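Analysis of the macromolecular model
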Amino acid sequence: MDRITRRKFLRAAAAGGAAYAMAHTPGVSVAQMTGGNALPGYKALVCVFLFGGNDSWNALVPRSQAEYDVYAATRGGSQSTGGLAVDRSALLPLNLATADPRGWQYGLHPSMTGLASLFNAGRAAAIANIAPLIAPTSLDQYRNKSVALPPQIFSHNDQQDQWHTLRGQAPSKSGWAGRMADLLRDNTTSQQTALNISLSGQTLFQAGDTSIPYVMGSGGPVNFSGVGASGAGLARRNALSNVINASYGTIYERGYAAVQKRALQQAENISAALNPTPPLPDLTSLPNNPSTPLSGLATQLRTVAKMIAARNTLGMSRQVFFVSTGGFDSHDDQNQNQPGLLGNVSDALQRFYDATVELGVAQDVVAFTQSDFGRTLTSNGDGTDHAWGGVQFVVGGPVQGQRIYGTYPLLKVNAVRATDGADDVGGGRFIPTTSSDQYAATLARWFGISDSNLVQVAPSINNFSVRDLGFLT
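These numbers were taken from a predicted model, which means no experiment stands behind them. (Residues numbered from 1 in each chain as written. Predicted model: local features only at pLDDT ≥ 70, side-chain atom pairs only at ≥ 80, totals over all residues. Heavy atoms only, no water.)

Moving on to the pairing of strand β9 (residues 365–371). When you tally the buried positions in β9, you get 7 out of 7 residues, the bulk of the element. Of the two faces of β9, both are covered, the one formed by V365, A367, T369 and S371 as well as the one formed by V366, F368 and Q370. By the bridge criterion, 7 bridges tie strand β1 (residues 43–50) to β9 in an arrangement that is parallel. By the bridge assignment for β9, L45 is matched with V366. As judged from the 3 bridges shared by β9 and strand β10 (residues 390–396), these two strands associate in the antiparallel manner. Looking across to β10, one finds that V366 is bridged to G396. (Buried < 20%, exposed > 50% of the residue type's maximum accessible area, 1.4 Å probe, protein only. Helix = DSSP H or I, 4+ residues; strand = E, 2+ residues; numbered from the N terminus. Pairing = 2+ DSSP bridges.)

As structure tokens, this is what we get:
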């Protein structure tokens, strides 16, 4: 835990962020205290993080014969012959709204039926060869170290932090969603809970300089145990209330009491909003039914949908949610494990999109994936290893779908292997041609961040000629 100086504590407390000084205690949010103009309408972003580094080259695959042949050769052959390449005949065809300029055709992994359906309906898009990048980087620049690069490119923790913070080479204690909340603080004063909500633990992605995320469980707020509305539970609640409302002599005691009081209030406010009388209608796409068990990811997204349904009760105009699933570090057993992993993501995203349609908010909600890094196009025999560029997906009503944004890595059709192209740093590790800063900036502009403030969200955005990738209306 970082040492907290008295000056830092005072500064955070003065900004309404006593929880910052308490190491971002779970269940805590910051009440916004300053005035400003309310933002029009409602918008929500949902980050779906795939921990471990998704092998997205098997998620989005070139389906045109010449490109597929090189892809398959590089992966040790098709899965039906013992390699890692998805069989061409099994790929789910994607119908592009505009033809690929190189004439390529694409398909999705056969387990991703939900996402393929959304893509072909124009409600999903892919961003190819994207990863943290400080500035456009050529192969020569990478080899000569003549351009700034993110540190520890092939490290799980470092690259997770890069996606969360967009920090480049400079350390950062805030994430880009947290910085969006800081920028919109004056415009969200009526919101009764934090702009940022995580259903998957504390995350640097949502940490702000003055704004604090609310951390809740996958099924809803984690309430204080042992307190209730009657009997011994009520007695304990009253005792707790006496403790947190008492007068204390030091700023540390007062700050800690404020954190606990706020956590109790937030849990009760959100629980009441999620469990009103009469109850919220059940969602057919994300049912709360033991006979239809949902995956952990879909369960998180069901709670997100319920929070969105309660947006008016809580006075929300802008929200960012963080959900996650893991298991993507596929050094081995990839052919056995990847279908279930990709199928889970695809099914959960389709269910969630369908839930936003049920709620009448599909045009106001965008879900997007992130993952540590891409993986090697080459096979290690039973899986793939850490790499750099990969493919991410966006889903939602505002998405300009049926399109692949960015550039799928160049595969040399006249070569034995696909990894001797201009983007390969060795072993099938592709230099990204689209930056995660551009990805974040595109999402942030739609969310309501002004062009002049984009650099505060995505610090390297001015290094790229294209600030908005165009995948959102």
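Moving on from the model shown.
With that settled, consider the nonpolar core. Counting 74 residues, the largest nonpolar core has V46, L60 and F321 as its most contacted members. Considering every element that reaches this core, the biggest residue donor is helix α11 (residues 334–359), with 8 residues. Excluding residues within four positions of it along the chain, L60 makes contact with L94, Y106, G107, L108, A126, V391, F393, I404 and Y408. Ranked by size, the runner-up nonpolar core spans 38 residues in total, among them F322, Y405, Y439 and A441. (Core = buried A, V, L, I, M, F, W, Y, C linked by side-chain atoms within 4.5 Å. Contact = heavy atoms within 4.5 Å.)

In this section: the pattern of salt bridges. With the rule as written, the count across this model stands at 8 salt bridges. Among the ionic pairs, R75 bridges to D55, the shortest N-O distance being 2.9 Å. Residue R75 is found in the loop between α3 (65–74) and β3 (92–93), and its partner D55 is found in the loop between β1 and β2 (60–62); the two are separated by 20 residues along the sequence. The buried category is assigned to D55, whose relative accessible area is 1%. The partner of R102 in a salt bridge is D100, and the shortest N-O contact between them spans 3.9 Å. For D100, a relative accessible area of 16% puts it in the buried group. One connected set of salt bridges, linked through shared partners, spans R445, D451 and D468. (Salt bridge = Lys/Arg side-chain N within 4 Å of Asp/Glu carboxyl O.)

Our focus in this paragraph is the side chain of D423. Here D423 is to be found in the loop between β11 (404–406) and β12 (434–435). Summary of buried charges: D423 has no salt-bridge partner, and the nearest side chain of opposite charge, R102, is 6.7 Å away. Discounting chain neighbours no more than four positions away, the residues touching D423 are N129, P409, L410, R429, F430, I431 and T433. (Lys, Arg positive; Asp, Glu negative; His and termini not counted.)

Time to look at helix α4 (residues 113–120). Of all the residues in α4, the buried ones are G114, L115, A116, L118 and F119. Among the structural elements, β3, β4 (106–108), β5 (124–131), α11, β10 and β11 are those in contact with the buried residues of α4. Downstream of α4 by a residue or two, G122 has a phi angle that is positive, lying close to 85°.

Let us now look at the packing of α4 against α11. Two elements in contact, α4 and α11, have axes separated by 6 Å at closest approach and are oriented at 50°. With respect to each other, α4 and α11 are oriented oblique. Residues T113, G114, L115, S117 and L118 of α4 form the contact with α11, whose participating residues are S346, L349, Q350 and Y353. Tallied by class, residues from the contact of α4 with α11 come to 4 nonpolar, 5 polar and no charged. (Axes fitted to C-alpha atoms, helices over the stretch in contact; angles between N-to-C directions. Parallel < 35°, antiparallel > 145°, perpendicular 65-115°, else oblique. Nonpolar A, V, L, I, M, F, W, Y, C, P; charged D, E, K, R; others polar.)

This paragraph deals with the sheet that holds β3. Spatial strand order, β2-β4-β3: 3 strands in an open sheet with antiparallel pairing. Where the open sheet ends on each side, the last strands, each with one partner, are β2 and β3. Bridge count for β3 against β4 is 2 bridges, and the pairing is antiparallel. Bridging from a neighbouring strand, L92 pairs with L108 of β4.

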